[in-house]
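Results of the structural survey
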Amino acid sequence: MWAATYLGLNEKGFEKVENIFKDAKYEGIFANTSKPRWWPMKIKDLLYQKIHEKHSGLTWELGHFLTPPITKNDFSKCYVCEKDYPEIVGYTDESLKKQYPMHIRCSEPIVNLEKDMFFEEKRKQKRKK
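Scoring rules and cut-offs
Per chain, residues are indexed from 1 in the order of the written sequence. pLDDT decides what is reported in this predicted model: residues at 70 or higher carry local features, side-chain atom pairs at 80 or more are listed and counted, and totals for whole chains, interfaces and linings draw on all residues regardless. Water and hydrogen atoms play no part in the side-chain values, which are based on all heavy atoms of the structure. Here, a salt bridge means any Lys or Arg side-chain nitrogen found within 4 Å of an Asp or Glu carboxyl oxygen. Secondary structure follows DSSP: runs of H or I at least 4 residues long count as helices, runs of E at least 2 residues long count as strands, and numbering of each begins at the N terminus. The classification of residues rests on relative accessible area computed with a 1.4 Å probe and restricted to protein chains. Under 20% of the type maximum is buried, over 50% is exposed, and intermediate values are partly exposed. Should any heavy atoms of two residues lie within 4.5 Å, those residues are counted as being in contact. DSSP-based pairing: two strands are paired if at least 2 bridges between them are found. Here the expected span of a helix is defined as 1.5 Å times the quantity of residues minus one. The arc refers to the directions leading from the helix axis to the C-beta atoms. Remark: nonpolar core denotes a set of buried residues (Ala, Val, Leu, Ile, Met, Phe, Trp, Tyr, Cys) joined through side-chain atoms within 4.5 Å.

Right, let's get into the pattern of salt bridges. Under the definition given, this model contains five salt bridges. Here K16 ties to D74 by a salt bridge, and the two come within 2.8 Å at their closest N and O atoms. With K16 in helix 2 (residues 11-17) and D74 in the loop between helix 4 (59-62) and strand 1 (88-91), the pair connects residues that are 58 residues apart, well separated along the chain. Classification of K16 as partly exposed rests on a relative accessible area of 38%.

As structure tokens, this is what we get:
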């Protein structure tokens, strides 16, 4: 989900272009085939190599221009506001059980968690007022 969201795609959309990013897949000692992980900087480098001459912008915008043809049905939507271009994957609450693509503006840090060095800050959806 993280790799797909980083590219502005949902998971089915990412499956269409996953082969382009095979060199960005983490295959180290902690690799888990049922939950693959990806190196964001390698994804970014491969993305820019693929489409840098045609387009410019953020990775979650540029992923919409990948081929094989990516359609609007492949775009990631924010779980909270349902708009395009979520930048992160966040949790629905402090239980840390369900994750969805979200905008940073539609989420907030989970303050009671210890921060993991070198990892993204854990965030949860903001409650509607």
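What follows concerns the side chain of Q125. Summarising the element assignment, Q125 is placed in strand 4 (residues 123-125). Assessed through its relative accessible area of 14%, Q125 is described here as buried. If near-sequence neighbours (up to four positions away) are discounted, Q125 is found in contact with Y79, V80, Y91, T92, M102, C106, S107 and E108.

A few words on unusual backbone geometry. Even without being glycine, E82 reaches a positive phi, approximately 65 degrees. Within the secondary structure, E82 is located in the loop between helix 4 and strand 1. Phi at Y85 takes a positive value of approximately 65 degrees, unusual for a residue other than glycine. In this structure, Y85 sits in the loop between helix 4 and strand 1. Y85 gets classed as partly exposed once you look at its relative accessible area, which sits at 33%.

This part is about the pairing of strand 1. By the alternation rule, side chains of strand 1 split into I88 and G90 and V89 and Y91, which are all buried. Pairing of strand 1 with strand 2 (residues 99-102) involves four bridges; the strand directions are antiparallel. Looking at the pairing, G90 lines up with Y100 of strand 2.

Attention now goes to the environment of W39. Counting through the fold element by element, W39 comes out in the loop between helix 2 and helix 3 (40-51). The exposure class assigned to W39 is partly exposed, which follows from its relative accessible area of 43%. Look past the residues within four positions of W39 in its chain and what remains in contact with it is A24, K25 and Y26.

Here helix 3 is twelve residues long and its end C-alpha atoms lie 17 Å apart, about the 16 Å a rise of 1.5 Å per residue gives. Buried within helix 3 are the following residues: I43, L46, L47 and I51. On an axial view of helix 3, the arc spanned by its buried residues comes to 110 degrees, and they lie on one face. Those residues of helix 3 that are exposed and angled more than 90 degrees off the buried face are M41 and Q49.

Ranked by size, the top nonpolar core spans 18 residues in total, and within it F14, F21, I43 and L66 carry the most contacts. When residues in this core are grouped by element, the largest group, four residues, is from helix 3. In this structure, F14 is in contact with A3, A4, L7, L9, F21 and W38, ignoring residues within four places of it in sequence. One finds V80, I88, M102 and C106 within the second-largest nonpolar core, a separate group that totals five residues.

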